[in-house]
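Fold and geometry: a report
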Amino acid sequence: MTVFLATRLVPRRSPSLCWLRSFSRAVVDTEKDAVAALELPPFDYSPPPFAGPTAGEILAKRKEYLSPSIYHFYKTPVNIVEGRKQYLFDENGRRYVDAFGGIATVCCGHCHPDVVEAIVNQTKKLQHSTVLYLNHAIADFAEALASRLPGNLKVVFFTNSGTEANELAILIARLYTGCHDIISLRNAYHGNAAGTMGATAQSIWKFNVVQSGVHHAVNPDPYRGIFGSDGEKYARDVQDIINFGTSGKVAAFISEAIQGVGGIIELAPGYLPAVYNTIKKAGGLFIADEVQAGFGRIGSHFWGFEAHNVVPDIVTMAKGIGNGIPLGAVVTTPEIAEVLARRCYFNTFGGNPVCTAAGLAVLKVIEKEQLQQNAFVVGSYLKERLTALKDKYELIGDVRGRGLMLGVELVTDRELKTPANAETLHVMDQMKELGVLIGKGGYYGNVFRITPPLCFSKEDADFVADAMDLTLSRM
């Protein structure tokens, strides 16, 4: 950090002076100039001085009082104390471009005034009672949410997270079909509870506990997959699983349109329509996991599944639905939803007035500020910038994704596609020093996950691409 701040204070050298230096000194000066030229886009907010605990004090408390399973990014963890729009501020008032969006969660921007106002106003009136009493907040949001979905997808059950939503969707599918078998994809992530851990297919997210009734099909990964971008060839594996791993009938197939935790993997074209037909013939339901791709993030469509011309039987969602508020949902048809009435199914906090008021405000902001369109325009521009870097640096093996859900995979060998794990961590650290916060994912931990708030601008995109360019040029 000290080195960074010092270089920002070094004035640019004139061309005439540079010619008088040695070649090595000229290179150093050029790098200093490049860093100095990386100026954050203008922003009309500066946070007040922070008087709270330091990063070191917080880290000590985390180690003593929080689960050891909770880890942090960066060699020197960043202490975030405020957020505005697409920017975050640390304890020293330094501003960062948030290119991770709280793991694809902040869609409207940090502390959006409309969302904050909805939360505060509802909290002042009624923070919580129970869905056993009537309140307009949950009904208003359910109606607005259903209006954004195709077909007869109009019955909503609210949860507190994506894991809960996927757990409920799997339960509904099993009850409706009378079958137990679920088909998921290798490399998938759908949650970390009992049922969703079974549907998740990365060993790093799975504990050695009973996870029954889930089969994992070959992942239709255009970059690392055995069939490249031929979706129909991958789809044959689903039929093989049904033929040789089940009774011939299944409960459901669950999939993201773009695997988020898995490393921003767009499913091969033609895959989902082919699998949809296969699953229907086996009596199963199609569950679309929209926890990360939903709510306009991919730009071209409001929901990820729409890009594949399929209509699911059940849609699950969370993250962007509340802009950071703990909120999730399952949406299905009236016929399928009826199965939950066979017994008592209840969620104490799901659909509480504060969260649903926030969710409704989020939908209104997305529409009013045309954030889906912005995700398309800015995301397409950023993808072009990142693709240009791929042409420039051998370390970048692939650039993929849609809208503001983009992935950059680093490899040490393009032909062998050897994961560049150490390099990924180094680039992340260096970009943080330059003022950019990005995420990482993929089974090998070598994919940058770029999922910023949907209010991201082209100037922000340039800053992210320039910071990555500068960092890679130093390696």
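Our subject is the structure that appears above.
Analysis parameters
- Residues numbered from 1 in each chain as written.
- Predicted model: local features only at pLDDT ≥ 70, side-chain atom pairs only at ≥ 80, totals over all residues.
- Heavy atoms only, no water.
- Axes fitted to C-alpha atoms, helices over the stretch in contact; angles between N-to-C directions.
- Helix = DSSP H or I, 4+ residues; strand = E, 2+ residues; numbered from the N terminus.
- Parallel < 35°, antiparallel > 145°, perpendicular 65-115°, else oblique.
- Left-handed = near helix turned anticlockwise from the far one by under 90°.
- Contact = heavy atoms within 4.5 Å.
- Nonpolar A, V, L, I, M, F, W, Y, C, P; charged D, E, K, R; others polar.
- Pairing = 2+ DSSP bridges.

**A few points about the packing of helix 10 (residues 231-245) against helix 11 (residues 271-281)**
For the pair helix 10 and helix 11, the least separation of the axes is 8 Å and the interaxial angle reads 20 degrees. Regarding the angle of helix 10 to helix 11, the classification is roughly parallel. Helix 10 and helix 11 meet at a crossing whose hand is right-handed. Residues G231, Y234, A235, V238, Q239 and I242 of helix 10 lie in contact with helix 11, whose contacting residues are Y271, A274, V275, T278 and I279. Taken together, the residues of the contact of helix 10 with helix 11 sort by class into 8 nonpolar, 3 polar and no charged.

**Brief notes about the sheet that holds strand 3 (residues 95-98)**
Spatially, 1-2-3-16 is the arrangement adopted by the 4 strands of the open sheet, whose pairing is mixed. Each end of this open sheet is capped by a strand with a single partner; those strands are strand 1 (80-84) and strand 16 (436-437). Here strand 3 pairs with strand 16 via 2 bridges, running parallel. Looking at strand 16, one finds that D98 is bridged to L437.

**Quick look at the sheet that holds strand 12 (residues 328-332)**
Strand order in the open sheet formed by 7 strands is 4-12-11-10-7-5-6, and the pairing between neighbours is mixed. The sheet terminates laterally at strand 4 (155-159) and strand 6 (214-217), the two strands that pair on one side only. On average, each strand axis in the sheet is tilted by 20 degrees relative to the strand beside it, whichever way the strands run. Set on the sheet, helix 7 (residues 136-146) makes contact with strand 4, strand 11 (314-317) and strand 12; between it and strand 4 the angle comes to about 120 degrees. This element, helix 10, spans strand 5 (182-185), strand 6 and strand 7 (252-255) of the sheet and lies at about 145 degrees to strand 6.

**Some details on the packing of helix 14 (residues 371-392) against helix 16 (residues 458-473)**
For any two helices packed against each other, the geometry is given by the interaxial angle and the distance between the axes. Where helix 14 meets helix 16, the axes come as close as 9 Å, and the angle between the chain directions of the two elements is 15 degrees. For the element pair helix 14 / helix 16, the angle class is roughly parallel. Between helix 14 and helix 16 lies a crossing of right-handed hand. Residues V377, V378, Y381, L382, R385, L386, L389 and K392 of helix 14 lie in contact with helix 16, whose contacting residues are K458, A461, D462, A465, D466, M468 and D469. Its residues assigned to classes, the contact of helix 14 with helix 16 comprises 9 nonpolar, no polar and 6 charged.

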